[in-house]
There are 2 protein chains.
Amino acid sequence: MTVEIICVGTEILLGNIVNTNAAYLAEKLAGIGVSCYRQIAIGDNEERLEDAIKTSLSRSDGLILCGGLGPTKDDITKEVAAKVFGEKLILNEHTKDRIRCYFLTLRGPDVTPNNWKQAMVPEHGKVIDNHNGTAPGILFEKDGKFAFLLPGPPNELKPMFERDVEPYLRSLSPEGLYSSMLKVLSVGESRAESMIEDLIAAQRNPTIAPYAKTGEVHLRVTAKAKSSEEASALMEPVLEELRARFGSNIYTEDENVTLEESIIALLKEKKMTLATAESCTGGLLSGRIINASGASDVFAEGFITYSNEAKMNTLQVRQETIEKYGAVSEETAREMAIGAANAAGTDVALSVTGIAGPNGGTEEKPVGLTYIGCCVAGTVVVKEFHFSGDRRKNRDYAVVKALTLLREEVLKESV
Amino acid sequence: MTVEIICVGTEILLGNIVNTNAAYLAEKLAGIGVSCYRQIAIGDNEERLEDAIKTSLSRSDGLILCGGLGPTKDDITKEVAAKVFGEKLILNEHTKDRIRCYFLTLRGPDVTPNNWKQAMVPEHGKVIDNHNGTAPGILFEKDGKFAFLLPGPPNELKPMFERDVEPYLRSLSPEGLYSSMLKVLSVGESRAESMIEDLIAAQRNPTIAPYAKTGEVHLRVTAKAKSSEEASALMEPVLEELRARFGSNIYTEDENVTLEESIIALLKEKKMTLATAESCTGGLLSGRIINASGASDVFAEGFITYSNEAKMNTLQVRQETIEKYGAVSEETAREMAIGAANAAGTDVALSVTGIAGPNGGTEEKPVGLTYIGCCVAGTVVVKEFHFSGDRRKNRDYAVVKALTLLREEVLKESV
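Going along each chain's sequence as written, the residues are numbered from 1 onward. Here every chain gets a letter starting at A, and every ligand a number starting at 1, in the order they are written. At least 70 in pLDDT is required for a residue's local features to be given in this predicted model, at least 80 for side-chain atom pairs to be given and counted, and no such filter applies to totals for whole chains, interfaces and linings, which use all residues. Hydrogens and water molecules were not included; the side-chain quantities draw on all heavy atoms of the structure.

J.: Run through the environment of D297(B), naming residues and quoting values.
T.: Residue and element names in this part refer to chain B. Starting at the N terminus, helices and strands are each numbered in turn, a helix being any DSSP run of H or I of at least four residues and a strand any DSSP run of E of at least two. Within the secondary structure, D297 is located in the loop between α10 (284-291) and β14 (299-305). Placed 285 residues apart in sequence, D297 and I12 show a C-alpha to C-alpha distance of 40 Å. Counted as a polar contact is a pair of N or O atoms within 3.5 Å, where, for protein atoms, one must be capable of donating a hydrogen and the other of accepting one, and residues adjacent in sequence contribute only when both atoms are in side chains. Engagement of the side chain of D297 in a polar contact is seen with the side chain of K268, the distance being 3.1 Å.

This is the structure we're talking about:
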């Protein structure tokens, strides 16, 4: 089964928002074996939207449209889709009541009048209740093809997809696509592909696809099979070979487990607690760790010691260390890590100090220079990195490299 | 002039990466008055890519393709574009030397052999040097139409666009599109549109377009004009009217200034320093503040007091406060703010404590309940919020609402 994704919104075409919905929907579709060969972003323009819906419908089994169901005048997805499917829009009392109650509960008794537009639904289309907003989803079906219309806000779209769209799609495509994922640290994309070139050249079913992430490579192994047992039998020899080649650089084989979650789980297993001391990453490291569910069992405290005073007062970094070696130095990273472990009373502490850019670099210490320290039970290891991205990228890499170092050091500890 | 954006990569179609390049390119194109009516994402598939390039080229003046210039076998954008433009690929010694030097300088003397593929360029296409990676950009021109091929990694694509693509596009379209932006806090999307409904109904040139952001609404005013003076004359009365309607809720009129930057500037102007104390946001608030250039002049220190012990030890939140009112309470937020200001010795401190979800909610204190405190010169204001998104969204909203509260309180202070 093939589906195309059409994201509607002038704000996407003008670059005012990043189209995260397309990525979310694409990943979900891939996961259930629905092929998606095209994603299209188009504005709130009747003529072009109509053309896009017709064209996409002509070359696929169905569409997922998202966005353009809002209360404002320029939201026209429902109207245009109804036209293509030959449907009339009528007031739906059930939806009207849901909108009224949504406002009453969360925003006060006065419904902004243009919100009533969202209670207009196609005469024969199916209405999909929105449990997180006012715009209902719609399902059109005609001549063996379908189109789902979903609201644009991700916190409305995602639960609606999972509750209503996914079961519908699964019911249409009983043939199975099964996949496993190995997530690898410390190996670049080119290097990873070189390491498995022979396997990829020889592959048929299953296939291996490498994906480069910031500081990680994910290897997806996908098999076509009639059952999950058959798929497992096909995939297992390939997975074994990949495990042999990438060894302990594989941090998880669970697609849904993030790096931070795997580290939280590792620390939990070792009964270790964690603190962080950040300078250039400014809270991104702790923010990422706390993103993981279960972080509260492990993560005690984070210190964002941006100024030298904060490094000295809060982490007891010695003034002479900063004066002699500088705030961005192996020595400062070392004392920050020890200081964070002491201040928070934890077994493990990570420290990051670097020059994220675009300013602050010198010839001796250029932009991108970063020191990451990891203190485990009183012993500190500091690594030096030279990142070559922009400010954002350098900080993102520093976060991943800090988590990578933490994993390496904690694994060493337990041998 | 119309341009279509084609992002190439199976990793986009499978949802393995979010297509931030499309948003970046779209915003840049809009800013220089180039119309982009369609963004397309397509996989590394020869047939479909060829079809997409031909179709997009037939309905626009030019294309920007990004991605698929990498060293791996599945990167075929250059090969397919060369086919469409009737070009042959030949080895470019200049590019080969650049790749060799890039490896030598940043990765060691051994070039992964598949990287040499990146030195193959079209016989008549223009080569655009990549100063941040190994894949050069390419410009094809034929029959009055053009196609730029840019590398997928954003830190390579962006500088290349700004240095080489933008000047080229500007030289093609001397007619002018000029725009201004007002960024508004504390007003929802529906409400904002209601407030300017009459202006939008009556508009011709300039036009006003509202964009909803997390906790913000941006109002873009766009004029078509022969000169920037003419555009200013057209826009000024509209801007005046918007200023009258949104008043101090407008935090900036500079498109490139972010909320965090405007707040850093405000604090700098008031000669005030800032500290943060975060629980559920776990470093996202400080991370966002430190994103702003110039943050180091204002931001002293951040505390991520995730555990109750950290709140008590580091911020001197009283044990009885936590026992009586709970860690997520007005009282705890108050003491966290005071504690952060005291510990860091700053004029201003922000505190956030809440239940981001998905777990941890109770009937009395549901997921989404968040208290944000702001201490200015010893006086604390605490506000209660009920967010209705997922974990990520609730944390993002908490960050914006904290910055909003900070701005309100600091502005009050100075009256």
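J.: Let's hear about the relation of the copies chain A and chain B: which residues, and what values?
T.: You can overlay chain A on chain B at an RMSD of 0.0 Å; the transform is a turn of 180 degrees with a shift of 0.0 Å along its axis. When the rotation and shift are considered jointly, the pair of chain copies conforms to a two-fold rotation axis. When C-alpha distances to the rotation axis are compared across chain A, the minimum falls at G283(A), with a value of 2.0 Å. Here, two residues are considered to be in contact whenever any of their heavy atoms come within 4.5 Å of each other. Here 100% of the contact residues of chain A are again contact residues in chain B; the copies associate through an equivalent surface. When the copies are superposed, the least-squares fit draws on C-alpha atoms of residues that have pLDDT of at least 70 in both.

J.: Outline the interface of chain A and chain B, supporting the account with residue identities and numerical values.
T.: Each partner contributes residues to the interface: chain A has 68 residues there, and chain B has 68 residues. Buried area between chain A and chain B, both sides added, is near 6000 Å², and the carbon and sulfur share of it is 48%. Here a salt bridge means any side-chain nitrogen of Lys or Arg lying within 4 Å of a carboxyl oxygen belonging to Asp or Glu. At the boundary of chain A with chain B, the tally comes to two salt bridges. With its nearest N and O atoms 3.7 Å apart, the salt bridge here joins R38(B) to D51(A). Summed over the shared surface of chain A and chain B, the number is 20 residue pairs in polar contact (both at pLDDT 80 or more). When two components associate, each loses some accessible surface as probed by a 1.4 Å sphere; the sum of these losses over both components is called the buried area.

J.: Just give me the short version of the pairing of β14(B), but keep the residues and values in it.
T.: Using a 1.4 Å probe on the protein chains alone, a residue whose accessible area is under 20% of its type maximum counts as buried, one over 50% counts as exposed, and one in between counts as partly exposed. Of all the seven residues making up β14(B), seven are buried; the element is thus mostly covered by neighbouring parts of the structure. Read as a crossover between parallel neighbours, the route from strand β13 (residues 274-278) of chain B over α10(B) to β14(B) is right-handed. Whether a crossover is right-handed depends on one test, that the path from the first strand over the helix to the second runs clockwise when the strands point away from the viewer.

J.: Break down the sheet that holds strand β8 (residues 145-150) of chain B for me, citing the residues and quoting the values.
T.: For two strands to pair, DSSP has to find at least two bridges joining them. In spatial order, the strands read β6(A)-β7(A)-β8(A)-β3(A)-β1(A)-β2(A)-β2(B)-β1(B)-β3(B)-β8(B)-β7(B)-β6(B); together these 12 strands make up an open sheet with mixed pairing. Of all the strands in the sheet, just β6 (126-128) of chain A together with β6 (126-128) of chain B have a single pairing partner and so form its edges. On average, each strand axis in the sheet is tilted by 15 degrees relative to the strand beside it, whichever way the strands run. Across the sheet, helix α4 (residues 77-84) of chain B lies against β1 (3-8), β3 (62-66), β7 (137-142) and β8 of chain B, angled at about 10 degrees from β7(B), the strand it touches most. Helix axes use the C-alpha atoms of the stretch in contact, all axes being lines fitted to C-alpha atoms, and the angles between their N-to-C directions lie in the range 0 to 180 degrees.

J.: Describe the domain arrangement of chain A, naming the residues involved and giving the relevant values.
T.: Residues and elements named next belong to chain A. Note that the domain bounds were set by an automatic or database domain assignment. For chain A, the assigned domains are domain 1 (3-172), domain 2 (177-252) and domain 3 (259-411). Averaged C-alpha coordinates put domain 2 and domain 3 at centres separated by 31 Å. Between domain 2 and domain 3, the residue contacts involve eight residues of the former and 10 residues of the latter. Buried area between domain 2 and domain 3, both sides added, is near 800 Å², and the carbon and sulfur share of it is 57%. The three residues of domain 2 that bury the most area against domain 3 are L185, T214 and Y251, which together make up 59% of that side's buried surface. For the pair domain 2 and domain 3, the number of links is one salt bridge. Connecting domain 2 to domain 3 are three residue pairs in polar contact (both at pLDDT 80 or more).

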